[in-house]
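# Summary of structural features
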Amino acid sequence: MTKSVDLNADMGESFGAWPMGDDAALLHVISSANIACGFHAGDPDVMASTMRAAASGGVGIGAHPGFDDLQGFGRRRMHVPRETLENMIRYQLGAAKGMAQALGVQVRHLKLHGALSNMASEDAELARACYAAALSVDPEIIVMVLASTAQERAVRDLGCRWAGEIFADRAYNDDGTLVDRSKPGAVIHAPEIVGPRMRQMVEEGAIITESGKRIPAAIDTICLHGDTPTAVALSRAVRASLEAGGVAIRQFGGREAG
């Protein structure tokens, strides 16, 4: 059984006068933050303030790049030339690293957002292109991947440091991918369900799908979406359930290639 696991949340997704999520409350519960880089959400001021808040709370900072789709929140599938996609990843990670350097903090990991992440979980070549682009900017960055999907195959092939992720508030298909948000039950809002569900997955070292299938998985971190209405309650329920089962909440260190 895993004795420790990281809790992460997507955040820094407010934009100008439009707030998104309760980042301040989440930062008291999680151990890693995936901060929007301005394409699907966020802006320079939000990025800076979120990084400062994360660092002051001892929360690990990650870049969260996605498609250039502010209106669609990065959740619409897009098809762009491969070189353009690679440059989009470099651009967003570069912005995050530049802001972090100015603030005296560090970007330690990268996680793809939304539709781009879903597409990369199905297509190892697409995932490899995104991750190779990120590694060309920072060869030491830890790549957070959807465990037991094409994303994991890509990082293993690249030989980079990585961390396996499962989702607390999302339902799973039998191939390890996430149930499409348009389908009933795809997003799980009930804390009383999510907490025990995550504890069971960590104890078994496996993703449990909607059908009850077990998929063995490298579970280094558990994600909660910051824009989910019950995100704070869900995060507290997950943490309480894990700690009650003897699982400590701790930042991931990154798996080595192999």
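Each remark here, short or long, concerns the structure printed above.
Residues numbered from 1 in each chain as written. Predicted model: local features only at pLDDT ≥ 70, side-chain atom pairs only at ≥ 80, totals over all residues. Heavy atoms only, no water.

Let us look at the pattern of salt bridges. For the coordinates displayed, the defined rule picks out twelve salt bridges. Between R76 and D69 there is a salt bridge, and its shortest N-O distance comes to 2.5 Å. Under the relative-accessibility criterion, R76 is labelled partly exposed at 42%. With a shortest N-O distance of 2.8 Å, E122 and R77 are connected by a salt bridge. With a gap of 45 residues between them, E122 in helix α4 (residues 114-122) and R77 in the loop between β3 (60-64) and α3 (82-103) connect regions that are remote in the sequence. In the salt-bridge network here, residues are joined through shared partners; they are D10, K111 and E165. (Salt bridge = Lys/Arg side-chain N within 4 Å of Asp/Glu carboxyl O. Buried < 20%, exposed > 50% of the residue type's maximum accessible area, 1.4 Å probe, protein only. Helix = DSSP H or I, 4+ residues; strand = E, 2+ residues; numbered from the N terminus.)

Moving on, we get to helix α6 (residues 150-158). Listed in full, the buried residues belonging to α6 are A150, Q151, E152, A154 and V155. Where α6 is buried, its residues touch α4, α5 (124-137), β5 (142-146) and β6 (162-167). Once α6 finishes, G159 follows within two positions and takes phi at roughly 75°, a positive value. (Contact = heavy atoms within 4.5 Å.)

With respect to the helices and strands, H225 occurs in strand β9 (residues 221-225). Residue H225 is classed as buried on the basis of its relative accessible area, which comes to 7%. Along the backbone, H225 and N34 are 191 residues apart, and their C-alpha atoms lie at a distance of 9.8 Å. Those residues within four positions of H225 in sequence are excluded, and the remaining contacts are D10, R75, F167, D169, R170, R181 and A231.

The N-to-C vectors of helix α7 (residues 191-204) and helix α8 (residues 231-244) enclose an angle of 40°; their axes lie 8 Å apart at closest approach. With respect to their mutual orientation, α7 and α8 come out oblique. In terms of crossing hand, the pair formed by α7 and α8 is right-handed. Contact residues: α7 offers P191, V194, G195, P196, M198, R199 and V202, while α8 offers A233, L234, A237, V238, S241, L242 and A244. A breakdown of the residues in the contact of α7 with α8 according to their chemical character gives eleven nonpolar, two polar and one charged. (Axes fitted to C-alpha atoms, helices over the stretch in contact; angles between N-to-C directions. Parallel < 35°, antiparallel > 145°, perpendicular 65-115°, else oblique. Left-handed = near helix turned anticlockwise from the far one by under 90°. Nonpolar A, V, L, I, M, F, W, Y, C, P; charged D, E, K, R; others polar.)

The first and last C-alpha atoms of α5 sit 20 Å apart over 14 residues, in line with the 20 Å expected at 1.5 Å per residue. When α5 is considered as a whole, its buried residues turn out to be L126, A127, A129, C130, Y131, A133, A134 and L135. Against α3, β4 (107-110), α4, β5 and α6 lie the buried residues of α5. (Expected span 1.5 Å × (residues − 1).)

What follows covers the packing of α4 against α5. α5 packs onto α4 with a crossing angle of 125° between their chain directions and a minimal axis gap of 5 Å. It follows from the interaxial angle that α4 and α5 lie oblique. Facing L116, M119, A120 and E122 of α4, the residues of α5 in contact are A124, L126, A127 and C130. Residues that form the contact of α4 with α5 fall into these classes: seven nonpolar, no polar and one charged.

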